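Spelled out, the chains give:
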Amino acid sequence: MIQCWRLDDARQTLVLGVRDGHLAQAIYWGPRLPDGENLETLFAAQEIDVTGGMLDVTPALSICPEARRTFSGQAGMELRDDTGRPVLPVFRFESAAPRPDALTLTFRDDGNGLTYRAHAAIDPQTHVITLWAGLEGAQPFSVNWLAAPVLPAPQLSDEMIDFAGRWCGEFQINRTPWSAGMRVRDNHTGRSGHEHFPGLIIPCRGATNTKGEAYGFHYGWSGGHKMVAEELPDGRRQIQFGNATGIEPEARTAFETAPLYVTYSDTGLNGCGVAFQTHVRDRVITWPDPDRARPVHYNCWEAIYFDHSLPELKEIATRAADLGAERFVLDDGWFGVRDDDTTSLADWVVDPRKYPDGLTPLIRHVRSLGMSFGIWFEPEMINPDSDVYRAHPDWALGDADQVLGRQQMVLDMARPEVRDYLFGCIGKILADHDIEYIKWDHNRVLPAADAGQTRGTYALLDRLRVAYPHVEIESCASGGGRIDFGILQRTQRVWLSDSNDALERLKIQHNAALFLPVCVTGSHVGPRVCHTSGRVLDIRFRAWVAAQRHMGFEMDPRELSAEEADVLRRVTAWWKANRNWMLRGDILRLDAADPAVLAEQHMYEDRFVVFAGKAGTSTQISPRPLRLTGLLPDAMYRIDLANRDEIARAALSRGPSALKSGAMEVSGRYLMHHGVTLPWSFPETMWVIEGQKL
Ligand code: DGJ
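The structure presented is a predicted model; accordingly, all values stated were derived computationally and were not measured.

K.L.:
Help me understand the overall build of the chain in this model?
P.N.:
A count of helices and strands for the chain gives 14 helices and 35 strands. By the compact-globule yardstick of 26 Å for 694 residues, the chain fits well, its C-alpha radius of gyration being 26 Å. Across its three principal axes, the chain shows a C-alpha extent of roughly 80 × 70 × 40 Å. Per-residue burial over the chain gives 61% buried out of 694 residues.

K.L.:
How do you make sense of the sheet that holds strand β17 (residues 237–243) when you look at a structure like this?
P.N.:
Paired through their backbone hydrogen bonds, the strands of a sheet run either parallel or antiparallel. An order of β10-β17-β16-β13 is seen for the 4 strands of this open sheet, with the pairing classed as antiparallel. The strands lining the two open edges of the sheet, one partner per strand, are β10 (151–152) and β13 (181–186). Two elements, β13 and strand β16 (residues 225–231), share 6 bridges in a ladder whose sense is antiparallel. In the strand pairing of β16, Val184 is matched with Val228.

K.L.:
Quick question: what am I supposed to make of the site of the ligand here?
P.N.:
Close to the ligand lie 13 residues; Asp331, Asp332, Lys439, Asp441 and Asp498 are nearest. The separation between an oxygen atom of the ligand and a polar side-chain atom of Asp331 is 2.7 Å. At a separation of 2.6 Å, an oxygen atom of the ligand approaches a polar side-chain atom of Asp332. For the ligand, the protein covers 98% of the area, taking 290 Å² as the surface of the free molecule. Among the residues making up the shell around the ligand, the classes are represented as 4 nonpolar, 3 polar and 6 charged.

K.L.:
Just to check I follow, could you spell out the pairing of β16 for this structure?
P.N.:
Successive residues of a regular strand alternate their side chains across the two faces of the sheet. Most of β16 is tucked away: 7 of the 7 residues are buried. What you see with β16 is no split at all: His225, Met227, Ala229 and Glu231 on one side and Lys226, Val228 and Glu230 on the other are buried throughout. Bridge count between β16 and β17: 7 bridges; the pairing is antiparallel. Opposite Val228, over in β17, you have Gln240 as the bridge partner. Two successive antiparallel strands, β16 and β17, enclose a turn made up of 5 residues, where Gly235 displays a positive phi of approximately 100 degrees.

K.L.:
Sorry, what's going on with helix α5 (residues 360–368) here?
P.N.:
Buried within α5 we find Leu362, Ile363, His365 and Val366. Down the axis of α5, the buried side of the element spans an arc of 160 degrees, and every buried residue falls inside it. Opposite its buried face, α5 presents the exposed residues Arg364 and Ser368, each directed more than 90 degrees away. Buried residues belonging to α5 abut α4 (310–323), β21 (327–330) and β22 (372–377). Phi for Gly370, located one or two positions after α5, is positive at around 85 degrees.

K.L.:
It is not clear to me how the side chain of Asn209 should be interpreted in this structure. Could you clarify?
P.N.:
As for its position among the elements, Asn209 is in the loop between β14 (199–203) and β15 (214–219). Polar side-chain contacts of Asn209 include one of 3.3 Å to the backbone oxygen of Leu590.

K.L.:
Just to check I follow, could you spell out the nonpolar core for this structure?
P.N.:
Inside soluble globular proteins, nonpolar side chains tend to come together where they are buried. In this structure, Tyr116, Phe217, Phe328 and Trp334 are the most contacted members of the largest nonpolar core, which totals 175 residues. With 8 residues, helix α12 (residues 562–582) is the largest single contributor of residues to this core. Not counting the four nearest positions on each side in its chain, Phe328 is found in contact with Tyr298, Cys300, Leu313, Ile316, Ala317, Leu362, Val366, Met371, Ser372, Phe373 and Gly374. Ranked by size, the runner-up nonpolar core spans 25 residues in total, among them Leu590, Ala650, Leu659 and Leu671.

K.L.:
So what exactly am I meant to see when it comes to the sheet that holds strand β1 (residues 2–8) here?
P.N.:
In spatial order, the strands read β1-β2-β3; together these 3 strands make up an open sheet with antiparallel pairing. Each of the sheet's edge strands pairs with one partner strand only, and the pair in question is β1 and β3 (25–31). Geometrically, the sheet is characterised by an average inter-axis angle of 15 degrees between neighbouring strands, direction not taken into account. Note: β1 against strand β2 (residues 12–19), 7 bridges, orientation antiparallel.

K.L.:
I would appreciate a short explanation of the packing of aromatic side chains in the present structure.
P.N.:
Each aromatic ring pair is summarised here by two numbers: the centre-to-centre distance and the angle between the ring planes. By the definition in use, this model includes 36 aromatic pairs. Ring geometry for Trp301 and Tyr305: centres 4.8 Å apart, planes at 80 degrees, overall edge-to-face. With 5.4 Å between their ring centres and 85 degrees between their planes, Trp334 and Phe377 make a pair best called edge-to-face. On the criterion of sequence distance, the pair formed by Trp334 in the loop between β21 and α5 and Phe377 in strand β22 is long-range, its members being 43 residues apart. Here Trp334 matches Phe377 in class, with each residue buried. Among the aromatic residues, those joined into a ring-pair cluster are Phe163, Phe171, Phe197, Tyr261, Phe276, Phe485 and Phe515. Over the ring of Phe423 we find Arg463, and its NZ or CZ is 3.9 Å from the ring centre. Positioned over the ring face of Trp680 is Lys614, at 5.7 Å from the centre of the ring.

K.L.:
Is there a simple way to think about helix α11 (residues 539–547) in this case?
P.N.:
Residues three or four positions apart in an α-helix share a direction because the helix packs 3.6 residues into each turn. The buried fraction of α11 is high, at 9 of 9 residues. By the burial criterion, the buried members of α11 are Ile539, Arg540, Phe541, Arg542, Ala543, Trp544, Val545, Ala546 and Ala547. For α11, the secondary structure elements touched by its buried residues are α10 (502–512), β28 (521–525), β29 (550–553), α12, β32 (607–614) and β35 (686–693). Sitting at the amino-terminal end of α11 is Asp538, which places a side-chain oxygen 2.9 Å from the backbone nitrogen of Arg540.

K.L.:
Even after reading the chapter, I still don't get the packing of α11 against α12, so can you show me in this structure?
P.N.:
Between two packed helices, the angle of one axis relative to the other and the distance separating the axes together describe the packing. Contact pair α11 / α12: the axes reach a minimum separation of 10 Å and the direction vectors enclose 20 degrees. It follows from the interaxial angle that α11 and α12 lie roughly parallel. Considering how the two elements wind past one another, α11 and α12 form a crossing that is right-handed. Contact with α11, carried on its side by Ile539, Arg540, Arg542, Ala543, Trp544 and Ala547, involves Glu563, Glu564, Val567, Leu568, Val571, Trp574, Trp575 and Met582 of α12 and no other residues of that element. Partitioning the contact of α11 with α12 into residue classes produces 10 nonpolar, no polar and 4 charged.

Rules used in this analysis
Residues numbered from 1 in each chain as written. Predicted model: local features only at pLDDT ≥ 70, side-chain atom pairs only at ≥ 80, totals over all residues. Heavy atoms only, no water. Helix = DSSP H or I, 4+ residues; strand = E, 2+ residues; numbered from the N terminus. Rg over C-alpha atoms; globule rule 2.2 N^0.38 Å. Buried < 20%, exposed > 50% of the residue type's maximum accessible area, 1.4 Å probe, protein only. Pairing = 2+ DSSP bridges. Near = heavy atom within 4 Å. Polar contact = N/O pair within 3.5 Å; in protein donor to acceptor, adjacent residues only side chain to side chain. Areas by Shrake-Rupley, 256 points an atom, 1.4 Å probe, with all protein chains shown as cover. Nonpolar A, V, L, I, M, F, W, Y, C, P; charged D, E, K, R; others polar. Arc of directions from axis to C-beta. Contact = heavy atoms within 4.5 Å. Core = buried A, V, L, I, M, F, W, Y, C linked by side-chain atoms within 4.5 Å. Axes fitted to C-alpha atoms, helices over the stretch in contact; angles between N-to-C directions. Phe/Tyr/Trp six-rings, centres within 6.5 Å; stacked < 30°, edge-to-face > 60°. Lys NZ or Arg CZ within 6 Å of the ring centre and 35° of its normal. Parallel < 35°, antiparallel > 145°, perpendicular 65-115°, else oblique. Left-handed = near helix turned anticlockwise from the far one by under 90°.

Take a look at the structure:
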């Protein structure tokens, strides 16, 4: 007997089916099926044939493939009982609870006393399907691996795209060809990590940013994930996501996966990117004040590091406000005796040497300039050289002789007394001051990954957010070491990278746009000589790259020449004039014909802006036209250069390129088929083209 259920939105259908009471299988996931499609027929239609060298009945690629049913690929769970013996369940269908746009399926393994539940919910507006699984037992059992409901990967696909990275080099794209066997990412750093962003895109053959089919996956968990992309000997392909293996050291009677967010796109990689961007912005994040414009940030880290002086900070704040900053963030160094990174983490008391009258004089000054105030914490960390460590050495995770990271250890967030202590001291700083923003840092990997740590951090964040609902939080971990939808359920911004090198940032944020919207992605104008690369970049390029996302500044404003300050003021004013629509818009990555150009189109309703960043030197001598996307072919658009004042800097441009002299009106079809012919420019510059439907 076959039973099937379907989840639909306007562009995709996911069909789950159960046969003969076995675990469900995702028998179809792709473009929206006709309403009248017979799902039982589809169940039979998708079954593969059997030939020599195969089992007599092909084991199902179910939502949790079962080793006991002779499934020889990666099984969906790896369990042990309380004596340490492997448990190999075989589940029987028990019930289905279909609701509009959602479905829960329950299965039982009576022999082992286990209940497995799979949940799926589709969001018709964002096109994201959320899946998660739970497992309950009559007796405690331990879990080495539990996959969120498993989905098949498309056959007409030659490669998969996942993400690697490093400090100052996040969101590097890996393209791995499909071949027999598994590609496994098992992240034991204890955080989502620079190295292991928990995302996967599977493009079907021929897909580009703007065209073709693609499947997107993101696992919303901050404690380190495992991904398995496997091609079985019979050619079927499966995708599994769950918490990293072995990070649940305790036996319990119930376990749950984090949510797995997936989407099918027929508009290229951008269809996945926009679905995830929209879902993060409109569903995952909760904003203290959703109608408030995102303020321009000033962060003092690269201006002063640990060298805090009230008069200097006041002067910096005054200059930052004059440039257009609206929120001043006091970074590391304000507490304990923290004159460098060897000491004081966990001693969250204002340093009276640096702030004899507390933080209030600085905050008052910042407020008098019309800016709000934010402050840095690194709550989960402790220096061995700290009062708290001396009083509670047992609060630190791991062995006393462990290898330190940035001279620090990690607090055991699973302990309620540690969370109470942190809630108390962070709460006191928030309650005693006019503070509306926390930059929440996390600068080392765990000595050993443990899911309890992540749950403890989530609990502390949740408690602080209830007590101080007006406070926004930024997730930072040496830059982009903790970016995922789990942390974004509790925060409102990510510090994408410690690289304020605009050239690096251009690339990092372009790839991150496959998952992250403008409004959460921090991007700052750094110093003239970049502190992490030594590269010297013009202020125009630095400013426009920051203006592509949630804009801020991080240089010492006293280093700016009058001309540089003027440029920055103008670009910031442009950002403020456009942020209301840009922050609600989609980032569409363009398929630039010239690999030296990294271009994206930010689009909201009938309006768009194209940022065409020149990331290198072109091989050909003249710029190739840049095709736009997502326009109405028969509509007319007015396009114009937003930074025409920079033409003079493109000193070797001496031809008639139309955009140099003024706006033009052309059809969407022309823009999407022929593209915009850009004026010639130097590398490390940006053309900014505004567009409006007429
Ligand atoms: C690492 C962060 O990524 C930086 O932005 C800065 O906050 C430092 N930590 C402070 O120690």
